[in-house]
Structure formats: structure tokens, C-alpha cells
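Chain by chain, the residues:
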Amino acid sequence: MTFTKGPTISFTYEEVKDLVLQLEDADKLRLAKEMKKAGVPYDWDTIFAAFKPNQVTQRAIDREVKAVRAKRQARRRGEAASGRR
């Protein structure tokens, strides 16, 4: 029997994994950084890449906005030509 300063709680790997997967991406990244700081050996570049949210470039956003605006304008022109407004 061991005596410690307080109660100890034991978690299984699966329990910890499930909890970590429920975290927001920013919190996952923060946790990975803390583990790296603690000296846990691993391929940290792979972990950080997995935790970063999907990043969309501004160029891709601009292209999509242009496409949606073009469709909307074409639809409005069609409605105006047919007198449906």
C-alpha cells in the first residue's frame, strides 16, 4: 500500500484518447506542445499537422466567392429577362 498526498485516478489509453479527440483543435495543439515540452519522444511534426484545422487559402476562398457571385448574377439576369421579379 502506498500513501500519497491525495487520491490517484487511473485512466486507460482508450479513455484518454477519447477525451483528447473531443477537444477543440486549438486545445489538441496546446496539449501536443505541452507533451513535447515534457520530453515525450514522438514525430511532433506529424502530430502538429494532424491537429491543425483544415486551412483554406485566401485564393481558394476568392475563387469560390467569384463562382457563387457569377451564378447569382446569371440567375438575376435570367429572372429580369423573363420579367419574374
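Residues numbered from 1 in each chain as written. Predicted model: local features only at pLDDT ≥ 70, side-chain atom pairs only at ≥ 80, totals over all residues. Heavy atoms only, no water.

A. Highlighting the overall build of the protein. Of regular secondary structure, the protein possesses four helices and zero strands. Start at the N end of the protein and walk to the C end: the helices and strands fall as α-α-α-α. Buried positions account for 9% of the 85 residues belonging to the protein. With the model as given, the accessible surface of the protein reaches about 8,300 Å², and the carbon-plus-sulfur share is 54%. (Helix = DSSP H or I, 4+ residues; strand = E, 2+ residues; numbered from the N terminus. Buried < 20%, exposed > 50% of the residue type's maximum accessible area, 1.4 Å probe, protein only. Areas by Shrake-Rupley, 256 points an atom, 1.4 Å probe, with all protein chains shown as cover.)

B. Just the confidence of the model for the protein, in detail. Counting all residues, the mean pLDDT for the protein is 80, and 81% of those residues have values of 70 or more. Taking the mean pLDDT of every element in the protein, the minimum, 69, falls on helix 3 (residues 44-51) and the maximum, 88, on helix 4 (residues 58-82). (pLDDT = per-residue confidence, 0-100.)

C. Up close: the pattern of salt bridges. What the rule picks out here adds up to five salt bridges. Note that K17 and E14 form a salt bridge whose closest N and O atoms lie 3.1 Å from each other. With K17 and E14 both in helix 1 (residues 13-21) and three residues apart, this pair spans about one turn of that helix. By relative accessible area, K17 is classed as partly exposed at 30%. Judged by its relative accessible area of 43%, E14 falls in the partly exposed class. (Salt bridge = Lys/Arg side-chain N within 4 Å of Asp/Glu carboxyl O.)

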